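Given next are the chains, with one letter for each unit.
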Amino acid sequence: MIGIMGGTFDPIHFAHLRTALEIAESCGMEQLRFIPGSVPPHRPQPKASAEQRWEMVNLAIAGEPLFQADRRELDRQGNSYTVDTLSSLRADLGTKLPLAFVLGMDAFLAFRSWHRWQDIMQLAHLVVMSRPGYAPDPQDWYGELLAQTTCELRSTAAGRVTFLSVTPLEISATKIREACQAKKSVRFLLPDAVYQYIQEHSLYH
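Keep in mind that what you see is a predicted model, and the values were worked out from it rather than measured. (Residues numbered from 1 in each chain as written. Predicted model: local features only at pLDDT ≥ 70, side-chain atom pairs only at ≥ 80, totals over all residues. Heavy atoms only, no water.)

### Quick word on helix α1 (residues 14–27)
For α1, spanning 14 residues, the distance from its first C-alpha to its last is 20 Å, which sits close to the expected 20 Å at 1.5 Å a residue. Burial analysis of α1 places ten of its 14 residues in the buried class, the great majority of the element. In the segment just after α1, Gly28 is the residue with positive phi, at about 65°. (Helix = DSSP H or I, 4+ residues; strand = E, 2+ residues; numbered from the N terminus. Expected span 1.5 Å × (residues − 1). Buried < 20%, exposed > 50% of the residue type's maximum accessible area, 1.4 Å probe, protein only.)

Next comes the structure, spelled out in structure tokens:
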């Protein structure tokens, strides 16, 4: 099974990385791909350039064999829709390999407003990062799709939903950018290599 984690990664930080590692290990993934978005349709445009964000992702994941960077959204024109990215991955990887798209709880609660969300369910599983105090409602739209164990995700290519608890790290890219602008240190919120890159290129200042 291959996991997919998308985002602007503006910049990538330890909450992204720790969450991805925990999910990859919990689900028994052979690989988890970080896919930086080019033109996010539902949020402000990134402050760092596409190439700068690509460089930071590669610096952040260096040395972790489970992680791989994938630049297909950066190289594609137009809005970065998840359904297009998953369709592209399916064209490369075939229809039988299990794919798991990783998303946070806030994104999941708005999932049915996403572009062609029903088609996404035909292309991948959803692995939702749960949050304290939230219990999945089996009467909701995804009730029949709930996977009780991660083994169920590996036994089929797409179409299931599971909720996983991860270590809560209250780190946000927005706060990192704000701290940089205020000339405060962001060290220990992200890998040293990314921190040095931000310093060298005067990003977010």
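What follows picks up the thread again.
### Quick notes on the sheet that holds strand β1 (residues 2–7)
Taken in spatial order, the six strands make up an open sheet running β3-β2-β1-β4-β5-β6, and their pairing is parallel. In this open sheet, the two edge strands, each paired with only one partner strand, are β3 (67–69) and β6 (161–164). Here the strands of the sheet are splayed against their neighbours by 30° on average, with no regard to which way each runs. Pairing of strand β5 (residues 125–129) with β6, which is carried by four bridges, proceeds in the parallel orientation. Bridge pairing in β6 links Met129 to Leu164. (Pairing = 2+ DSSP bridges. Axes fitted to C-alpha atoms, helices over the stretch in contact; angles between N-to-C directions.)

### Some details on the confidence of the model for the chain
Across the chain, pLDDT averages 93, with 96% of residues at or above 70. Taken element by element, the predicted model of the chain shows its lowest mean pLDDT in helix α4 (residues 105–109) (89) and its highest in β3 (98). (pLDDT = per-residue confidence, 0-100.)

### Overview of the side chain of Arg90
In this fold, Arg90 is placed in helix α3 (residues 82–93). The charged side chain of Arg90 is buried without a salt bridge, its nearest counter-charge being Glu30 at 11 Å. Within the structure, the side chain of Arg90 is placed 2.6 Å from the backbone oxygen of Leu97, a separation counted as a polar contact. With residues up to four places along the chain from it excluded, the contact list for Arg90 reads Thr95, Lys96, Leu97, Pro98, Leu99, Leu123, Ala157 and Ala158. (Lys, Arg positive; Asp, Glu negative; His and termini not counted. Salt bridge = Lys/Arg side-chain N within 4 Å of Asp/Glu carboxyl O. Polar contact = N/O pair within 3.5 Å; in protein donor to acceptor, adjacent residues only side chain to side chain. Contact = heavy atoms within 4.5 Å.)

### Thoughts on the pattern of salt bridges
Under the counting rule described, the total for this entry stands at eleven salt bridges. One salt bridge in this structure joins Glu22 and Arg18, with 2.8 Å as the shortest N-O distance. Residue Glu22 and its partner Arg18 are both found in helix α1; the two are separated by four residues, about one turn of the helix. The exposure class assigned to Arg18 is partly exposed, which follows from its relative accessible area of 39%. If you follow the salt bridges from partner to partner, you end up with Arg33, Asp70, Arg72 and Asp92 in one network.

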